[in-house]
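Observations on chain architecture
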Amino acid sequence: MLEIKNLHARIGDAEILKGVTLTIPNGEIHAIMGPNGAGKSTLSYVLSGREGYEVTEGEALFNGENILEMEPEDRAAAGLFLAFQYPVELPGVGNANFLRTSLNAIRRKRGEDELDAVAFLKLARAAVKQLAMKEDFLKRNVNVGFSGGEKKRNEMLQMAILKPHLAILDETDSGLDIDALKIVAEGVNTLRDETFSALVITHYQRLLDYIVPDMVHVLAGGKIVRSGPASLALELEASGYAGLEAA
Amino acid sequence: MSMTTEATINELATQKYKYGFTTDIEMEEFPKGLSADIVRLISAKKGEPEWLLEWRLKAYEAWLKMEEPEWARIHHPPIDYDDLYYYAAPAKAQPKSLDEVDPELLKTYEKLGIPLHERAALAGVAVDAVFDSVSVATTFRDTLAKAGVIFSPISEAVREHPELVQKYLGSVVPVGDNYFTALNSAVFSDGSFVFIPKGVRCPMELSTYFRINARNTGQFERTLIIAEEGASVSYLEGCTAPMRDENQLHAAVVELVALDEAMIKYSTVQNWYPGDADGKGGIYNFVTKRGACRGKNSKISWTQVETGSAITWKYPSCILQGDGSVGEFYSVAVTNHFQQADTGTKMIHIGKNTSSTIISKGISAGRSNNTYRGLVKIMPGASGARNFTQCDSLLIGDQCGAHTVPYIENRNASAKVEHEATTSKIAEDQLFYCRSRGLSEEDAVGLIVNGFCKDVLKELPMEFAVEAQKLLAVSLEGSVG
């Protein structure tokens, strides 16, 4: 369960988040929509611990613990996963090596045994197959020379292997064609159970045709201005975001 | 920089150089300073033949007339050559077998992770251990002898195979090649000698482990490797030194000779004491390494991982004389804190259809300076020569420097020379990406740096590659922020 309470955050002198309050119970998927500049990406970075964002007020409790006080790697060990809007390239670092190093770092922090190369490959190959990816994906360098769609798929592969309890998808759908969109949705939907929840940040409604959320929130001017069921997304698609900040 | 990053840096900056202990052992040293008499003393101590003494004295005379080179991008206070010891050796007589080696010395090498007892040694690696000025132990000599391979301290080779030593010593690196080779030729006290006879593939990896222990002592080792027609050998070298406040001088010379169809692979993991975080102490590593591909289709391959030393001045080179011969240079040079590295290679194409590959990866952190300096020279007769050079620099932080100085001299129109260079920084978004996947900041740097060096690390023999990867991570600890 994620409970964000009155979260204020700034970059330099600019206050971006101005009191975000939001609760995502276990097993639920919530969508955050909103106009450009509303603070959607800032929210995802603050939750995952990127440097350069200063939290001035409020807290974010993840299963009772304030994650805002944790290092990014400890948040990952606690079960948080951020799917990046722009996945980063790591030249010379093999995808399989990266995934195994990540998984084992997380397992070590949790006091679990590390996976050896054989056990890991078995797990990774199964995940690759499930996401309808080619096996050479594991051999390529992390995101280097990947198309936009491949990068997003790679995020889903990481998510499938790291099996987070809470995934934040930061505009993962931007720039994707319909097939890639379905794959991202598939990635989320296969993890859907009572121990997994997700915060899906998107500018467009179309992703929500494939990942049907339990709730939709509208972030505008650094605050949640409206919340409602999945149908809210359709409504917004029709009427646009205009006028919401005043609401 | 976040609070935690700063805390991590402070914590790691105070971490000790792992190999910085000293060995308390009775030493025999000659008086400080250099003179013709010291040269004679060293030669007499070794029971050397007259020709070698003459050779040394000529080198000494040449050295007196020479000046330290000043063209490299390195800076240090003047070295007082009269304030150094030129010979230091454990006082006990040279051991005939491992059982006679001083237990303190065996303990030293065990602490360094280099077991000298053959039963404990890495399977398939023969080790020669050089402690200050002399070789203290060489393992697996009998096994090698059966294959016809000679692997011994060079001082012993001078006595037992004088014709080989006299034929090849100084034939690749002339005595007066530069200031430090002249100095080395005058005072070298030990080092390794390897001879692989015609048609023999050396049955195991050969390895020399260099250790400087004594204070104010220069180490001047000399290595000579000869691979006859069709022979091949893979040779590894590792180096450490205690932590001392003053700088110590290391001026080695390595000569390789490859005859027709011969192959020599020479790998170095250099981890001399780099000095502390404020730039105090550390080794001055002024080394001349050169290989001659004398025979047709011969091949010499240098791989180096340079993480230690306060100053590294080193250009392992290949003279590609035989038609179709191949030279390779794979290098990772890491500098942190106040370290300075000016390193690279020279590929001299003389024979037809010779080819060379240069892959250099420089990583700079802290306030360090890292220079790649390389020469590709194509002589008029080198028709069809080819070179490919790739120099990549990675910067960590904004107070370090990376410099690339490639020289290309092409005197044959049919030759093909390619040069690629890049400079990049470890980006904040790369670090955050890794950390958001559960990696600590240090592990993230290690992963990114190892990825950057992958093309070089894969050239190292297996056990060395693992060691080198760890070393890269350790060398860069505390560099992020």
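Residues numbered from 1 in each chain as written. Chains lettered and ligands numbered in written order. Predicted model: local features only at pLDDT ≥ 70, side-chain atom pairs only at ≥ 80, totals over all residues. Heavy atoms only, no water.

1. Things to note about the overall build of chain B
Operational definition: For the purposes of this entry, the term helix denotes a DSSP run of H or I that reaches at least four residues, the term strand denotes a run of E that reaches at least two, and both are numbered from the N terminus. Only heavy atoms enter the contact rule, under which two residues are in contact if any of them lie within 4.5 Å. Computed with the Shrake-Rupley method and a 1.4 Å probe, the accessible areas treat only the protein chains shown as cover for residues.
A count of helical and extended segments in chain B gives 12 helices and 23 strands. Contacts in chain B between residues at least 24 apart in sequence constitute 84% of all its contacts with a sequence separation of at least 6. Accessible area for chain B stands at about 18200 Å²; split by element, carbon and sulfur atoms hold 50% of it.

2. A look at the packing of helix H2 (residues 36–45) of chain B against helix H3 (residues 50–64) of chain B
Residues and elements named next belong to chain B. Short version of the rule: Simply put, an axis is a line fit to the C-alpha atoms, just over the touching stretch for a helix, and the angle between two N-to-C directions goes from 0 to 180 degrees. Here is the rule for angles: anything less than 35 degrees is roughly parallel, anything more than 145 is roughly antiparallel, 65 through 115 is roughly perpendicular, and the remaining ranges are oblique. Crossing handedness is defined as follows: a turn of the near helix away from the far one that is anticlockwise and smaller than a right angle gives a left-handed crossing, while the clockwise case is right-handed.
Here H2 crosses H3 at 150°, and the two axes come no closer than 10 Å. Here H2 lies roughly antiparallel to H3, going by the angle between them. With respect to the hand of their crossing, H2 and H3 are arranged in right-handed fashion. Along the contact surface, H2 presents Ala36, Val39, Arg40, Ile42 and Ser43, while H3 presents Leu53, Arg56, Leu57 and Tyr60.

3. Remarks on the pairing of strand E9 (residues 215–220) of chain A
The two faces of a sheet get side chains in turn, since along a regular strand they alternate between them. Residue and element names in this part refer to chain A. As a reminder, the rule being used: Exposure classes here rest on a 1.4 Å probe applied to the protein chains alone. A residue is buried below 20% of its type maximum, exposed above 50%, and partly exposed in between. When DSSP locates at least two bridges between a pair of strands, those strands are taken to pair.
Burial runs high along E9: 5 of the 6 residues are buried. Summarising the sheet, strand E3 (residues 29–33) and E9 pair through 4 bridges and their orientation is parallel. Across the sheet, residue Ala31 finds its bridge partner in E9, namely Val216. For E9 and strand E10 (residues 223–228), the ladder comprises 5 bridges, and the chain directions are antiparallel. The residue bridging Val216 from the neighbouring strand is Gly228, located in E10. Where E9 folds back onto E10 in an antiparallel hairpin, the turn is made up of 2 residues, including Gly221, whose phi is positive at roughly 60°.

4. Considerations on empty space enclosed by the protein
All names here are of chain B. Defined as follows: Grid points spaced at 1 Å over the protein atoms alone were grouped into cavities, where a 1.4 Å probe fits but cannot get out, and pockets, open sets with protein on both sides within 12 Å along at least five of seven lines, with lining residues defined by an atom within 4 Å of a point. Grid points are joined across faces, edges and corners, and a volume is the space filled by probe spheres set on the points. Amino acids outside the nonpolar list (Ala, Val, Leu, Ile, Met, Phe, Trp, Tyr, Cys, Pro) and the charged list (Asp, Glu, Lys, Arg) are all regarded as polar, and Gly is one of them.
Evaluation of the coordinates by the stated rule reveals 5 cavities of 30 Å³ or more. Here the largest cavity is characterised by a volume of approximately 90 Å³. Every residue lining the largest cavity is counted, 14 residues in all, and those nearest its centre are Ser360, Gly362, Asn370, Thr371 and Tyr372. Of all the elements in the fold, those that place two or more residues in the lining of the largest cavity are strand E19 (355–364), strand E20 (369–378), strand E21 (386–395) and strand E22 (401–410). Of the residues in the lining of the largest cavity, the class split is 4 nonpolar, 8 polar and 2 charged. By volume, the second largest cavity amounts to about 60 Å³. Mapped by element, the contributors of at least two residues to the lining of the second largest cavity are strand E9 (232–240), strand E12 (263–270) and strand E13 (282–293).

5. So, the sheet that holds strand E5 (residues 65–66) of chain A
Residue and element names in this part refer to chain A. With antiparallel pairing, the 4 strands of this open sheet are ordered in space as E2-E1-E4-E5. At either margin of the open sheet sits one strand with a lone partner, and together these are strand E2 (14–24) and E5. Looking at chain direction, strand E1 (residues 2–11) and strand E4 (residues 54–62) are connected through 7 bridges and run antiparallel. Directly across from His8, in E4, lies its bridge partner Glu57. Its contacts with the sheet place helix H1 (residues 40–48) against E1, E2 and E4, and it is angled at close to 110° to E1.

6. Regarding the environment of Gly52 of chain A
For Gly52 of chain A, the position within the fold is in the loop between H1 and E4. Distance in space between the C-alpha atoms of Gly52 of chain A and Gly12 of chain A is 7.8 Å, their sequence separation being 40 residues.

7. What about helix H10 (residues 441–452) of chain B?
Residue and element names in this part refer to chain B. In plain terms, the rule: Each residue after the first adds 1.5 Å to the expected span of a helix.
If you check H10, its first and last C-alpha atoms are 17 Å apart, about what 12 residues at 1.5 Å a residue would give, namely 16 Å. The buried fraction of H10 amounts to 11 of the 12 residues, a majority that puts the element mostly inside the structure. Here H10 has its buried residues at Glu441, Glu442, Ala444, Val445, Gly446, Leu447, Ile448, Val449, Asn450, Gly451 and Phe452.

8. Thoughts on the layout of surface pockets
A probe as big as a water molecule, rolled over the atoms, marks out the empty space that is left. Looking at the largest pocket, its volume works out to about 770 Å³. Contributing to the lining of the largest pocket are 29 residues, with Asn97 and Thr101 of chain A together with Leu447, Asn450 and Gln469 of chain B lying nearest its centre. Those elements that provide at least two residues to the lining of the largest pocket are helix H3 (95–109) of chain A together with H10, helix H11 (454–457) and helix H12 (462–475) of chain B. Looking at side-chain class alone, the lining of the largest pocket contains 11 nonpolar, 9 polar and 9 charged residues.

9. Quick notes on the environment of Asp170 of chain A
All names here are of chain A. Counted only if it meets this: As used in this structure description, the phrase polar contact means that two N or O atoms lie within 3.5 Å; if the pair is within protein, one of them must be able to donate a hydrogen and the other to accept it, and residues adjacent in sequence are counted only when both atoms belong to side chains.
With respect to the helices, strands and loops of the structure, Asp170 is situated in strand E7 (residues 166–170). Separated by 85 residues in the primary sequence, Asp170 and Gln85 place their C-alpha atoms 5.2 Å from one another. Once you skip the residues sitting within four places of it in the chain, Asp170 turns out to touch Ser41, Ser44, Tyr45, Leu82, Ala83, Phe84, Gln85 and Ile201. A polar atom in the side chain of Asp170 sits 3.2 Å from the side chain of Ser41.

10. Observations regarding the packing of aromatic side chains
The criterion, for reference: Only rings of Phe, Tyr and Trp enter the pairing, Trp through its six-membered ring, and a pair is recorded when the two centres are within 6.5 Å. The plane angle decides the type: under 30 degrees is stacked, over 60 is edge-to-face, the rest tilted.
What the rule picks out here adds up to 22 aromatic pairs over all chains. On the basis of an interplanar angle of 40° and a centroid distance of 5.8 Å, the ring pair of Tyr45 of chain A and Tyr53 of chain A is categorised as tilted. Note on Tyr45 of chain A: relative accessible area 13%, which makes it buried. We classify Tyr53 of chain A as partly exposed; its relative accessible area is 23%. When the ring of Trp63 of chain B is compared with that of Tyr179 of chain B, the centres are 5.5 Å apart and the planes differ by 45°; the resulting orientation is tilted. Remark: Tyr179 of chain B occurs in helix H8 (residues 179–187) and Trp63 of chain B occurs in helix H3; sequence separation between them is 116 residues.

11. Digging into the confidence of the model for chain B
Residue and element names in this part refer to chain B. Inclusion rule: The predictor attaches a confidence to each residue, called pLDDT, with possible values from 0 through 100.
In this model, chain B carries a mean pLDDT of 85, and residues with pLDDT of at least 70 account for 82%. Ranking the elements of chain B by mean pLDDT puts helix H1 (residues 3–13) last, at 40, and strand E16 (residues 317–320) first, at 98. This stretch, residues 1–15, has a pLDDT under 50; its non-local contacts, to residues over four places away or in other chains, come to 19 contacts. Across the interface, the model reports ipTM at 0.95; the global pTM reads 0.83.

12. Digging into helix H6 (residues 178–191) of chain A
All names here are of chain A. For H6, with 14 residues, the first-to-last C-alpha span of 20 Å sits near the 20 Å given by 1.5 Å per residue. Among all positions in H6, only Ala180, Leu181, Ile183, Val184, Ala185, Gly187, Val188 and Leu191 are buried. Packed against the buried residues of H6 are E3, helix H5 (148–162) and E7.

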